[in-house]
Every structure is written in C-alpha cells, then in structure tokens.
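A structural walkthrough
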Amino acid sequence: MENCLFCKIASGEIPSKKEYESDNILVFHDITPQAPFHVLIIPKVHISSMNQIGDLNPDIIKEIFLTIPKLAQQNGISEKGYRLVNNCGDFGGQTVQHIHFHMLGGRHMQWPPG
Ligand code: AMP
Ligand code: ZN
C-alpha cells in the first residue's frame, strides 16, 4: 500500500525501533510512548482497521495475540499487567490507517480512557 506509514515501517523503508519481527508481524516501539513500555503490533500486510480484520489471515491474527504474552514475559510486565488498545476510526482516535495494537505497560493505567 503506497503512502502507508506502517507499510513503510514494515518493509524497513522507514526505520523503527524493533522489538520483535517474524515473516508476518512486526512489533516496534511507539515514537511517542505513553507508558514506560509502549509498542505497536502490526501485521506486515496492509489492513486498514479493525473493521477489515476479516481480511487478515486467521493464522496471523492468532500470531499477533499469542505474541502479546511473550512480549509481556520478556519485558517483565506479565505479573503487574498491561493494556492492549486498538483505536478504530475517527471516534476511536485512529491516526494511522494500518491496523495496529498498542501494548502499554510499566505504570498503572487509568479507566475510563477518555
Ligand atoms: P493511533 O492513534 O491508534 O492510530 O496510533 C498511531 C500511533 O503511531 C501513535 O501512538 C503514534 O505515536 C505512533 N507513530 C506515529 N508515527 C510513528 C513512527 N514513525 N514510529 C513509531 N510510532 C509512530
Ligand atoms: Zn499499511
């Protein structure tokens, strides 16, 4: 997908601070971290938002979710906990139109999110 920031990050055209990479997914640190640990988990293939997750190979959906507790373990945040966020669309606060899951940890989160 042309002119998609996260496609360019996935291909390496735009650099990122990578936390984990496989053939199908990339985990990289958010450029404006909102917590001591803040990464974004993306499929490398372009899917614009949660509304289109049905277009994503179920094996990749599974890989994304199974990677999360591994990242938590590796970064020492399993026990205290963390937050997983998907912003979808305008009202959801989505600013990059390539599906991504925020994983935030290392501090106590507030609720409601505002
Ligand atoms: P959202 O608002 O849910 O669409 O999240 C987009 C996220 O991408 C924001 O938290 C941004 O800080 C983050 N972001 C934007 N540009 C970059 C970049 N070049 N590298 C890493 N994260 C980025
Ligand atoms: Zn994309």
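Per-chain numbering applies: the sequence of each chain, read as written, is numbered from 1 onward. Lettering of chains starts at A and numbering of ligands starts at 1, both following the order in which they are written. Local features are withheld for residues below a pLDDT of 70 in this predicted model, meaning they are given only at 70 or higher, and side-chain atom pairs are given and counted only at 80 or more; totals for whole chains, interfaces and linings count all residues. Water and hydrogen atoms were dropped before computing side-chain values, which therefore reflect all heavy atoms in the structure.

Looking at the UniProt feature "domain: HIT" (unreviewed entry) in the protein
UniProt positions are given in the numbering used here, feature names are shortened, and annotations may be inferred rather than shown by experiment. With numbering matched to this structure, UniProt assigns "domain: HIT" (unreviewed entry) to residues 5-114. Summarising residues 5-114: 25% helix, 23% strand, and an end-to-end C-alpha distance of 26 Å. Per the convention used, a helix needs a DSSP run of H or I reaching at least four residues, while a strand needs a run of E reaching at least two, with both numbered from the N terminus.

Observations concerning the coordination of the zinc ion (ligand 2)
Each metal site is built from N, O and S donor atoms within 2.8 Å (3.2 Å for Na, K and Ca), and since water is not included, such sites may look incomplete. Within the protein, the atoms that donate to the zinc ion (ligand 2) are Cys 4 (SG), Cys 7 (SG), His 46 (ND1) and His 98 (ND1), at distances of 2.0 to 2.3 Å. The coordination sphere of the zinc ion (ligand 2) comprises 4 donor atoms, whose angles at the metal cover 107 to 116°; the geometry is tetrahedral. Sequence positions of the residues that donate to the zinc ion (ligand 2) give the spacing C-x2-C-x38-H-x51-H. Whether a residue is buried, partly exposed or exposed follows from its accessible area with a 1.4 Å probe, protein chains only, as a fraction of its type maximum: under 20%, in between, or over 50%, in that order. Its relative accessible area of 7% is what places Cys 4 among the buried residues. Each label reflects the angles at the metal, where four donors whose angles all fall between 85 and 135 degrees are tetrahedral, four or six donors whose opposite pairs open beyond 155 degrees and whose other angles stay between 65 and 115 are square planar or octahedral respectively, and the rest are irregular.

Description of the site of ligand 1
Around ligand 1, the surrounding shell holds 16 residues, and the nearest of these are Asp 30, Asn 87, Thr 95, His 100 and His 102. Side-chain polar atom of Asn 87 to an oxygen atom of ligand 1: 2.8 Å apart, as the coordinates give it. Distance and chemistry together define a polar contact, namely a pair of N or O atoms within 3.5 Å, with one atom able to donate a hydrogen and the other to accept it when in protein, and with adjacent residues in sequence counting only for side-chain atoms on both sides. Within the contact set of ligand 1, an oxygen atom lies 2.8 Å away from a side-chain nitrogen or oxygen of His 102. When the free accessible area of ligand 1 is taken as 500 Å², the share hidden by the protein chains comes to 83%. Broken down by secondary-structure element, the contributors of at least two residues to the shell around ligand 1 are helix 1 (5-11) and strand 2 (25-29). Among the elements that line the shell around ligand 1, the one with the most residues is helix 1, at 3 residues. In the shell around ligand 1, the residues fall into 7 nonpolar, 8 polar and 1 charged. By convention in this text, a residue qualifies as near a molecule or strand provided that one of its non-hydrogen atoms is within 4 Å of it. The protein chains shown are the only cover counted for residues, whose accessible areas, like all others here, come from Shrake-Rupley with a 1.4 Å probe. Residues are grouped as follows: Ala, Val, Leu, Ile, Met, Phe, Trp, Tyr, Cys and Pro are nonpolar; Asp, Glu, Lys and Arg are charged; every other residue, Gly included, is polar.

What about helix 2 (residues 58-74)?
The first and last C-alpha atoms of helix 2 sit 25 Å apart over 17 residues, in line with the 24 Å expected at 1.5 Å per residue. Of all the positions in helix 2, only Ile 60, Glu 63, Ile 64, Thr 67, Ile 68, Leu 71 and Ala 72 are classed as buried. The backbone nitrogen of Asp 59 lies 2.7 Å from a side-chain oxygen of the residue at the head of helix 2, namely Asn 57. Expected span of a helix: the number of residues minus one, times 1.5 Å.

Points about the pattern of salt bridges
One speaks of a salt bridge when a side-chain nitrogen belonging to Lys or Arg is within 4 Å of a carboxyl oxygen belonging to Asp or Glu. In the structure shown here, the tally under the stated rule is 2 salt bridges. Of the charged contacts in the structure, one is a salt bridge between Lys 18 and Glu 21, with a shortest N-O distance of 3.1 Å. A salt bridge links Glu 21 to Lys 44; the shortest N-O distance between them is 2.8 Å. Residue Glu 21 is found in strand 1 (residues 18-21), and its partner Lys 44 is found in the loop between strand 3 (37-43) and helix 2; the two are separated by 23 residues along the sequence. Accessibility expressed as a relative area gives 23% for Lys 44, which makes it partly exposed. Because the salt bridges share partners, they merge into one network encompassing Lys 18, Glu 21 and Lys 44.

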